[in-house]
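# Coordinates in review
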Protein chains: 2
Amino acid sequence: MPMKRISYKNIASPKGFQATGIHCGLKHKKKDLALLISEVPASVAGVFTTNAIKAAPLLVTKDVVYQTGKMQAIIINAGNANACTGKQGMTDAYAMQKLTAEKFGIANNLVGVASTGVIGEIMKMEPVTNGIQQLEPIDELEGAISFSQAIMTTDTVTKNTSYQTIIDGKEVIIAGTAKGSGMIEPNMATMLGFITTDANIESSHLQTALTSITDITFNAITVDGDTSTNDMVIVMANGLAENKTLTPDHPDWEDFIQTLHAVAQDLAKMIAKDGEGATKLIEVEVKGAISNAEARKIAKTVVGSPLVKTAVFGNDANWGRIIAAVGYSGATLDPYAITIHIGVTKVVENGEPVPFSEKDLIVYLKQPEVKIFVDIHQGNGQGTAWGCDLTYDYVQINATYRS
Amino acid sequence: MPMKRISYKNIASPKGFQATGIHCGLKHKKKDLALLISEVPASVAGVFTTNAIKAAPLLVTKDVVYQTGKMQAIIINAGNANACTGKQGMTDAYAMQKLTAEKFGIANNLVGVASTGVIGEIMKMEPVTNGIQQLEPIDELEGAISFSQAIMTTDTVTKNTSYQTIIDGKEVIIAGTAKGSGMIEPNMATMLGFITTDANIESSHLQTALTSITDITFNAITVDGDTSTNDMVIVMANGLAENKTLTPDHPDWEDFIQTLHAVAQDLAKMIAKDGEGATKLIEVEVKGAISNAEARKIAKTVVGSPLVKTAVFGNDANWGRIIAAVGYSGATLDPYAITIHIGVTKVVENGEPVPFSEKDLIVYLKQPEVKIFVDIHQGNGQGTAWGCDLTYDYVQINATYRS
């Protein structure tokens, strides 16, 4: 049965999951401490930042994912990244893990930790310690909403999505929430993603699924080219839907992958659209590359070009900047075999300008979602990347972040 | 004898060189057509954009540099890049070459052509054709100034430098001028550089010298990470200083290299400082990498980070963004062996925060030149890169470039 999107479901909807988010005091007023918990230990998969500088909580969570192979709860704070904080940072991250484990009566090594915020400041642990005691997760929409609020930094909107599918005749829900709006690229920077499902699947297969999907979703977005020290996407699958365990040989495996892909892609696009200061989502679709990887490389180069981003912000059909970005992407190409469309309007054919109505394109560029199509006619590789425009507000947000 | 900088000398100062710049009509009012010419054919070296999409004039000039191996004159227009203009673009670039050759009575294949401006618009050739007839180059400061004005696009200042040295007891002058302020990185994007000297040197050795120097000067600057279709640096050496021909075995070879390096570095820093919308020059010096190339990679990654650039604009000593950029540079490093200074203030040691006076650093960050020092303690590699802050004006300039 094909998956369907169910807008009123959330990360607390898969059987046995609960969530909450509260204000503990790391931020002035906003919620800043979140918890996601499963009734039983869940299979877990994770992808983590490729930055050589990794935050303390990320190291703790990596151990849960790769050593324990199961996760039952994850505690997240916003306002402080607990990165570049040395031994004290590790002590604090382990304390968050232990306090959460004690509060909910589970083993330390089943608790993940995530942090987001300013780099290089030692955590204020008193509000966190007190906050953990006050957490009361629930399996209702309210819990999921407060969770998604408490993980935000410069995000302007919460990011949630959920789908339902049928596996072995059992209803399975996959839901996700994410935060992230600056410092996003490549490879998921200052981005946190949490996906829950009641599907029954081993951690190793879940990891395979997540890794393959990450390349074409979370790793295909870019906001400003910076990669953070704290990023992770975690999937927890607690098996309470009671389907026969999913493996690549299971008849519904593809359906599960598609549903997980849909969740990840929704979250990725939401993050790109909510890029710091952004007014528009930009989608770049590339065809005709010699491989899918090269197509994605071109797409990411175009969507990451500051000159393309400012042109889109200014409603300027400056395709010269698009083709210049294609040119410096490093992909194999023939300058005289490039076709570019902005929306449905062809602006370049065989690498040369095509007459078009600038007026019509300005109308198109004023839409909240701008699509750019590039065909380089070299092969069958295709790929898509998402980003946002570069605006005065991006500069304003980042020139004054700590003030 | 060591070189010395001579501020009143210019690209028309080396013996036998003349320059001029006029308004021909590609721009509304500003100068837009420039010529540099030598009394005799000069040895020539060039470095060109690595963008796969190359503008027509660049292809014409590459042939002069690599096929003819000599250059006597170069004609430059601003206002139109003559890029992505197909066969008509090539016809127009050849026409500029031929008209210039005819006007000054020299062979076509001794004339270079360069263009800068909007990509993808067919050149208006009538103003260019008429303009070439009006060019009257002179060997005085006035000629060099009008030249440097006529090659500008969004540049806010002209960029000139000159040095004198003694080779075989003969006075040799090396002088340069450049334009470029947006779309600069990596590998010299929308940047034009012209260096003249009366030194006597074969083209092949001149090329060796230029190539080695380019890596640590023009290729070590970044404004917004975009690479243009039109960039080139040309060095013309006409031999009229009458020194014995320079080769790597010549006793004054190192002196020549140092002088050429000084000219190239001055121009590179001027370009970085005049980055679109910039208020400050940022210099990042990296030590302790496993190679000079890795040190330069780290330096360029830090100076190119939009988050570092906006923090410097906002006078925010946000060293977390610096260390995060070091981390995602891809260089070999140990997170616990990183030291960072902003100016003379140590902010990170062993990868951890060091207490410092935020107030003093704000005063430092308000200076027009901000220096960041990174030592990663892995080896002896060192390198420096230059860039600028990211400001509201950058967005404004690029959101409305064609309006």
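Bear in mind that the values here come from a model prediction, so they are computed numbers and not experimental data. (Residues numbered from 1 in each chain as written. Chains lettered and ligands numbered in written order. Predicted model: local features only at pLDDT ≥ 70, side-chain atom pairs only at ≥ 80, totals over all residues. Heavy atoms only, no water.)

### Observations concerning the UniProt feature "binding site: substrate" (unreviewed entry) in chain A
Residue and element names in this part refer to chain A. We apply this condition: UniProt positions are given in the numbering used here, feature names are shortened, and annotations may be inferred rather than shown by experiment. Helical segments are the DSSP runs of H or I of at least four residues, strand segments are the runs of E of at least two, and each set is numbered from the N terminus. Residues count as neighbours in contact if any of their non-hydrogen atoms are within 4.5 Å of one another. Under the rule applied, a polar contact is a pair of N or O atoms within 3.5 Å (in protein, one hydrogen donor and one hydrogen acceptor; residues adjacent in sequence only if both atoms are side-chain atoms).
The UniProt entry lists Thr153, Lys179, Thr190, Glu276, Asn398 and Ser403 under the feature "binding site: substrate" (unreviewed entry), expressed in the numbering used here. Inspection of the secondary structure assignment puts Lys179 in strand β7 (residues 170–179). Once residues lying within four places of it in the same chain are set aside, the contact partners of Lys179 are Thr116, Ile151, Met152, Thr153, Asp155, Thr190, Met191, Leu192 and Ile271. At a separation of 3.1 Å, a polar atom in the side chain of Lys179 contacts the side chain of Thr116.

### Looking at the pairing of strand β15 (residues 381–388) of chain B
Residue and element names in this part refer to chain B. Basically, it comes down to this: Buried, partly exposed and exposed residues are distinguished by accessible area as a fraction of the type maximum, computed with a 1.4 Å probe on protein chains only: under 20%, between the cut-offs, and over 50%, respectively. Being paired, for any two strands, means DSSP has found at least two bridges between them.
Counted residue by residue, β15 has 6 buried out of 8 residues, so it is predominantly covered. The pairing of strand β10 (residues 281–289) with β15 spans 7 bridges and is classified as antiparallel. The residue bridging Leu281 from the neighbouring strand is Cys388, located in β15.

### With respect to the packing of helix α11 (residues 392–399) of chain A against helix α11 (residues 392–399) of chain B
The condition that has to hold: Every axis in this analysis is a line fitted to C-alpha atoms, fitted for helices over the stretch in contact. Angles between the N-to-C directions lie between 0 and 180 degrees. With respect to orientation, any angle under 35 degrees is reported as roughly parallel, any angle over 145 as roughly antiparallel, any angle of 65 to 115 as roughly perpendicular, and every other angle as oblique. Each crossing is labelled by how the near helix is turned from the far one, with a counterclockwise turn of less than a right angle marking it left-handed and a clockwise turn marking it right-handed.
In contact at an axis separation of 8 Å, α11 of chain A and α11 of chain B are set at 170 degrees when each is read in the N-to-C sense. The angle between α11 of chain A and α11 of chain B falls in the class roughly antiparallel. At the point where α11 of chain A passes α11 of chain B, the crossing takes the right-handed sense. Note on element contacts: α11 of chain B touches α11 of chain A through Tyr392, Val395 and Gln396 of chain B, opposite Tyr392, Val395 and Gln396 of chain A.

### So, the interface of chain B and chain A
Note the following rule: What counts as a salt bridge is simple: a side-chain nitrogen of Lys or Arg found within 4 Å of a carboxyl oxygen of Asp or Glu. In this classification, the charged set is Asp, Glu, Lys and Arg, the nonpolar set is Ala, Val, Leu, Ile, Met, Phe, Trp, Tyr, Cys and Pro, and all remaining amino acids, among them Gly, are polar.
Taken together, the 50 residues of chain B in the interface contact 50 residues of chain A. Counting across the chain B and chain A interface gives 0 salt bridges. Counting the contacts that link chain B with chain A gives 5 residue pairs in polar contact (both at pLDDT 80 or more). Those elements that place two or more of their residues in the side of chain B that touches chain A are α2 (86–104), α8 (306–313), α9 (319–328), β13 (352–353) and α11 of chain B. With 7 residues, α9 of chain B is the largest single contributor of residues to the side of chain B that touches chain A. Of the residues in the side of chain B that touches chain A, the class split is 25 nonpolar, 17 polar and 8 charged.

### What about unusual backbone geometry?
All names here are of chain B. Phi at Asn82 is positive, roughly 45 degrees, even though this residue is not glycine. Within the secondary structure layout, Asn82 lies in the loop between β4 (70–80) and α2. In this structure Asn82 comes out as buried when scored by relative accessible area, which is 0%. In the Ramachandran plot, His377 falls in the positive-phi region, its phi being about 50 degrees despite a non-glycine side chain. With a relative accessible area of 46%, His377 lands in the partly exposed category.

### Quick word on the relation of the copies chain B and chain A
Filter applied, for reference: Overlaid copies result from least-squares superposition on C-alpha atoms, with residues included only where pLDDT is at least 70 in both.
Take chain B, turn it by 180 degrees, move it 0.0 Å along the axis, and it overlays chain A with an RMSD of 0.1 Å. Look at the turn and shift together and you get a two-fold axis relating the two. Scanning chain B for the C-alpha nearest the rotation axis identifies Tyr392 of chain B, at a separation of 2.6 Å. Most of the interface of chain B is mirrored in chain A, where 100% of its interface residues are also at the interface.

### Examining the packing of aromatic side chains
All names here are of chain B. Worth spelling out the cut-off: Two rings belonging to Phe, Tyr or Trp (six-membered ring only in the last case) form a pair when the distance between their centres is within 6.5 Å. Interplanar angles under 30 degrees mark stacking, angles over 60 mark edge-to-face geometry, and anything in between is tilted.
A full pass over the atoms with the stated rule returns 8 aromatic pairs over all chains. Ring plane angle 35 degrees and centroid distance 6.1 Å describe the contact between Trp253 and Phe256, whose orientation is recorded as tilted. With Trp253 and Phe256 both in helix α6 (residues 253–273) and 3 residues apart, the pair spans about one turn of that helix. Classification of Phe256 as buried rests on a relative accessible area of 0%. Ring geometry for Phe313 against Tyr392: centres 5.6 Å apart, planes inclined by 80 degrees, an arrangement best described as edge-to-face. Of this pair, Phe313 sits in helix α8 while Tyr392 sits in helix α11; the two residues are 79 residues apart in sequence, bridging distant segments of the chain. Tyr392 gets classed as partly exposed once you look at its relative accessible area, which sits at 30%.

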